[in-house]
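A structural walkthrough
Read off the chains here:
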Amino acid sequence: MRIVLVGPPGAGKGTQATRLAEKLSIPHISTGDLFRANISRQTDLGKLAKSYMDAGNLVPDEVTIAMAKDRMEQPDAENGFLLDGFPRNVSQAEALDELLQTEGIELDAVLDLEAPEDEVVKRIAGRRICRKDSAHVFHVTYSPPKKEGVCDVCGGELYQRDDDSEETVRTRLEVYHTQTEPIIDYYKSQGLVVTIEAMGPVEEVTRRALAALKRDA
Ligand code: AP5
Ligand code: ZN
């Protein structure tokens, strides 16, 4: 399957993408994670991306599209992928369409995670991520680690993302409404959008997502 995941910051895209990718046996491709990996390796791309990310703005399309394309062309993505955080505006959606057309492939669905603003703000404020593996995500109240500041899975140190400050979160939400939400209408016109409620326990949201994708087995 080829799926695009959309939703406001903190809706639980990364959390659900990790679970869905495993259940559907497709790679989870997160442009946010790819940028963060570049930042920790201190690459030129990482240095460029960091200034935009810390301010809560989108990284320029040219570098983002090139990075996403490169990742989608890896052998493990040949038979499907779950895109998390890409595309994030209409020009990226158009670039993705072009890329898929060249390859003679199509998207199966665009999964839209809906969550109210006060909830996403709470989720972001309490999020803690493992330094060793960004797929190990915790929340100080909703899914606390057994030992404060330490990853349950691998023992890595837990940290708070630089762009999770209250001020930056406001900018990210505004950017989501003005630049990313329009892609939902773009994909609605292609009949691809399935919307699910992202409130409730993580497992319940995954069940809803699989049912919406008609993969509830
Ligand atoms: P990115 O990394 O994509 O961040 P985002 O879209 O803002 O989303 P988040 O990672 O904040 O949230 P999420 O929805 O994944 O939530 P999570 O599962 O962690 O992008 C960061 C930046 O990179 C952008 O601002 C931009 O600068 C740049 N960028 C990335 N892609 C780009 C692109 N295509 N173009 C240009 N720039 C780009 O969950 C949040 C918390 O809630 C966690 O603590 C989790 O444990 C908890 N939680 C999750 N689900 C539940 C639940 N059901 N109940 C209770 N708690 C829950
Ligand atoms: Zn870990």
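Use the structure listed above.
Residues numbered from 1 in each chain as written. Chains lettered and ligands numbered in written order. Predicted model: local features only at pLDDT ≥ 70, side-chain atom pairs only at ≥ 80, totals over all residues.

In this section: the environment of Val-110. Here Val-110 is to be found in strand E4 (residues 109-114). On a C-alpha basis, the gap between Val-110 and Met-67 in space is 20 Å, while along the polypeptide they are 43 residues apart. Apart from residues no more than four positions distant in its own chain, Val-110 is found in contact with Val-4, Val-6, Tyr-187, Leu-192 and Val-193. (Helix = DSSP H or I, 4+ residues; strand = E, 2+ residues; numbered from the N terminus. Contact = placed C-beta atoms within 7 Å.)

Turning to the sheet that holds strand E7 (residues 158-159), a few remarks are in order. Taking strand neighbours across the sheet as the criterion, the 3 strands line up as E6-E5-E7 in an open arrangement whose pairing is antiparallel. The open sheet has two free edges, formed respectively by strand E6 (137-139) and E7, since each of these has just one partner strand. Relative to E6, strand E5 (residues 127-130) runs antiparallel, the two being bridged by 3 bridges. The residue bridging Arg-128 from the neighbouring strand is Phe-138, located in E6. (Pairing = 2+ DSSP bridges.)

So, about the site of ligand 1. The immediate surroundings of ligand 1 are formed by 36 residues, with Pro-9, Gly-12, Gly-32, Gly-85 and Arg-127 found nearest. Those elements that place two or more of their residues in the shell around ligand 1 are helix H1 (13-24), helix H2 (31-40), helix H3 (44-55), helix H6 (117-126), E6 and helix H9 (202-212). For the shell around ligand 1, a count of residues per class yields 15 nonpolar, 15 polar and 6 charged. (Near = placed C-beta within 6 Å. Nonpolar A, V, L, I, M, F, W, Y, C, P; charged D, E, K, R; others polar.)

Interhelical geometry of H2 versus H3 gives an angle of 120° and a closest axis separation of 8 Å. The angle between H2 and H3 falls in the class oblique. As H2 packs across H3, the resulting crossing turns out to be left-handed. Where H2 abuts H3, its residues Phe-35, Asn-38 and Ile-39 lie against Leu-45, Gly-46, Ala-49, Lys-50 and Met-53. Split by residue class, the contact of H2 with H3 holds 5 nonpolar, 2 polar and 1 charged. (Axes fitted to C-alpha atoms, helices over the stretch in contact; angles between N-to-C directions. Parallel < 35°, antiparallel > 145°, perpendicular 65-115°, else oblique. Left-handed = near helix turned anticlockwise from the far one by under 90°.)

It is worth spelling out the sheet that holds strand E8 (residues 193-197) at this point. Strand order in the open sheet formed by 5 strands is E2-E3-E1-E4-E8, and the pairing between neighbours is parallel. Either end of the sheet is taken by a strand with one partner, and the two such strands are strand E2 (28-30) and E8. For this sheet the average axis-to-axis angle between neighbouring strands, irrespective of direction, equals 25°. By the bridge criterion, 4 bridges tie strand E1 (residues 2-6) to E4 in an arrangement that is parallel. Note on E4: the bridge partner recorded for Val-4 is Val-110. Running over the sheet, H9 touches E4 and E8 and is turned about 155° from E8.

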